[in-house]
Amino acid sequence: METKKKTLKISFSTQKGGVGKSTMTTLMASVLHYRLGFNVLVLDCDFPQHSLTNMRERDKKTLMQNEYHKRAAMKQFQSINKKAYPIIKSKAEYALEKASEYIGESAIVPDVIFFDLPGTANTKGVLTTLKMMDFIFSPITADRLVVESTLGFTKAFLELPKTIEGNDDQELWLFWNQVDGREKTGLYEAYQSVIHQLNLPIMETRIMDSKRFRKETDDTENYVFRSSLLPAETQLLKATKMDLFIEEFIKITHL
């Protein structure tokens, strides 16, 4: 008898702004859904800015106005024959409820649900939603404040008392993002040893910094990187090491 694969709940989460969690959510969702054959759902809980919902609106407009992107979208739809992944707006406290409502009503059960949560743990519902994730991926950058605040929060989060509500099999992984190739490797080594002393798992792949992470479809004529309607182009994933990150991500999550 075939066992039904459960839907994974995943969040790119951190307590620091500007380290790329919404960008990572979009890049991963788009590659998994459009290129690797998974079905994805995104819960945009980043109230009040709801940056992913707004990005989807901008992406739709761009497709209508830009021939290159319009052709890419048509070609994609014909080859994979599936719609864009849904992005549902929600407040953090209702996110899990909204996700299970969607699954109950949808003909296609998602393989992965990404939860894009606000960057502050004291926002109502953030901690309880995070506690229910199967996987949390926390981006860190080689900046003392970012490392200290992320490690401080991560340790505190993992030591939260075991309440009835929570996912006991949850895994939390740190990863280096926005890595500047010119930075001294000694800096990373020093931080890595602290992370190992704290017994926190960290991914092997380091994502290279690139201006592309700040570019959306509407500021580019002829390539795609950060878009909720098209996957990032392969050569750009390679240049940033996102391709290796995706491989490692799939291995960790057993997708």
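Preceding this section is the structure that the text describes.
Residues numbered from 1 in each chain as written. Predicted model: local features only at pLDDT ≥ 70, side-chain atom pairs only at ≥ 80, totals over all residues. Heavy atoms only, no water.

**Some thoughts on the packing of aromatic side chains**
Going by this rule: Here is the rule: rings of Phe, Tyr and Trp (six-membered ring for Trp) pair when centre to centre is within 6.5 Å. Planes less than 30 degrees apart are stacked, more than 60 are edge-to-face, and the remainder are tilted. By the criteria applied, helices consist of DSSP H or I runs no shorter than four residues and strands consist of E runs no shorter than two, each listed in order from the N terminus. Two conditions define a charge sitting above a ring: the NZ of Lys or the CZ of Arg must be within 6 Å of the ring centre, and it must be within 35 degrees of the ring normal.
All told, the structure shown has 13 aromatic pairs when counted by the stated rule. Judged by centre distance (6.0 Å) and plane angle (85°), the ring pair of F12 and F175 falls under edge-to-face. Placement of the pair is F12 in strand β1 (residues 8–12) and F175 in strand β6 (residues 171–176), with a sequence separation of 163 residues. Geometry around F47 places K91 over its ring, the cationic atom sitting 4.6 Å from the centre. Lying across the ring of F157, K131 places its NZ or CZ 5.6 Å from the centre.

**Quick look at the pattern of salt bridges**
Note the cut-off: We count a salt bridge whenever a side-chain nitrogen from Lys or Arg sits within 4 Å of a carboxyl oxygen from Asp or Glu. Only protein chains enter the accessibility calculation, which uses a 1.4 Å probe; a residue whose area is less than 20% of its type maximum is buried, one above 50% is exposed, and one in between is partly exposed.
Summed over the entire model, instances satisfying the criterion amount to six salt bridges. With its nearest N and O atoms 3.3 Å apart, the salt bridge here joins E93 to K124. A residue pair is termed long-range when its members are at least 10 positions apart, and E93 in the loop between β3 (87–89) and α4 (95–105) and K124 in the loop between β4 (112–116) and α5 (126–131) qualify at 31 residues. A relative accessible area of 30% places E93 in the partly exposed class. Across the salt bridge formed by R144 and E148, the nearest N and O atoms sit 2.8 Å from each other. With a gap of four residues between them, R144 and E148 both fall in helix α6 (residues 144–158), about one helical turn apart. On the basis of relative accessibility, which here comes to 59%, the residue R144 falls in the exposed class. Judged by its relative accessible area of 46%, E148 falls in the partly exposed class.

**A look at the sheet that holds β3**
Heads up, the condition is: Strands are labelled as partners when DSSP assigns at least two bridges between them. Where helices are involved, their axes are fitted lines through C-alpha atoms of the stretch in contact, as for all axes, and angles between N-to-C directions lie from 0 to 180°. It only takes one pair of heavy atoms within 4.5 Å for two residues to be counted as in contact.
What the six strands build is an open sheet, ordered β3-β2-β4-β1-β5-β6; its pairing is parallel. With partners counted over all chains shown, the strands left at the sheet margins are β3 and β6, one partner each. Pairwise comparison of adjacent strand axes, ignoring direction, gives a mean angle of 20° for this sheet. Of the pairings in the sheet, the one linking strand β5 (residues 135–140) to β6 comprises six bridges and is parallel in character. Residue pairing across strands places I136 opposite L172, the latter belonging to β6. Together, β5 and β6 form the strand contacts of α6, whose direction differs from that of β6 by roughly 175°.

**As for α6**
To keep it simple, the criterion reads: By definition here, a helix of n residues has an expected span of 1.5 Å times n minus one. Summarising the geometry, the arc corresponds to the directions from the helix axis toward the C-beta atoms. Here a polar contact means two N or O atoms within 3.5 Å. Within protein one must be a hydrogen donor candidate and the other an acceptor candidate, and residues neighboring in sequence count only if both atoms are side-chain atoms.
In this model α6 runs 21 Å from its N-terminal to its C-terminal C-alpha over 15 residues, within 8% of the 21 Å that 1.5 Å per residue would give. Considered for burial, the residues of α6 that qualify are V146, V147, T150, L151, T154 and F157. What you see down the axis of α6 is that its buried residues fit within an arc of 135°, all on one side. For α6, the exposed residues lying more than 90 degrees away from the buried face are R144 and L145. Where α6 is buried, its residues contact α5, β5, β6 and α7 (185–197). Put simply, D143 is the residue that caps the front of α6, since its side-chain oxygen is 2.8 Å from the backbone nitrogen of L145.

**Re the environment of G152**
If you trace the backbone, G152 turns up in helix α6. The exposure class assigned to G152 is partly exposed, which follows from its relative accessible area of 40%. Put simply, G152 and I202 are 50 residues apart on the chain and 15 Å apart in space, counted from C-alpha to C-alpha.

**Overview of unusual backbone geometry**
In this structure, P48 follows F47 across a cis peptide bond, with omega equal to 0°. Examined against the element boundaries, P48 turns out to sit in the loop between β2 (40–44) and α2 (51–65). One non-glycine residue with positive phi stands out, namely N81, at about 50°. Tracing the backbone through its elements, the reader meets N81 in the loop between α3 (67–80) and β3. Phi at Q178 is positive, roughly 55°, even though this residue is not glycine. Relative to the elements of secondary structure, Q178 occurs in the loop between β6 and α7.

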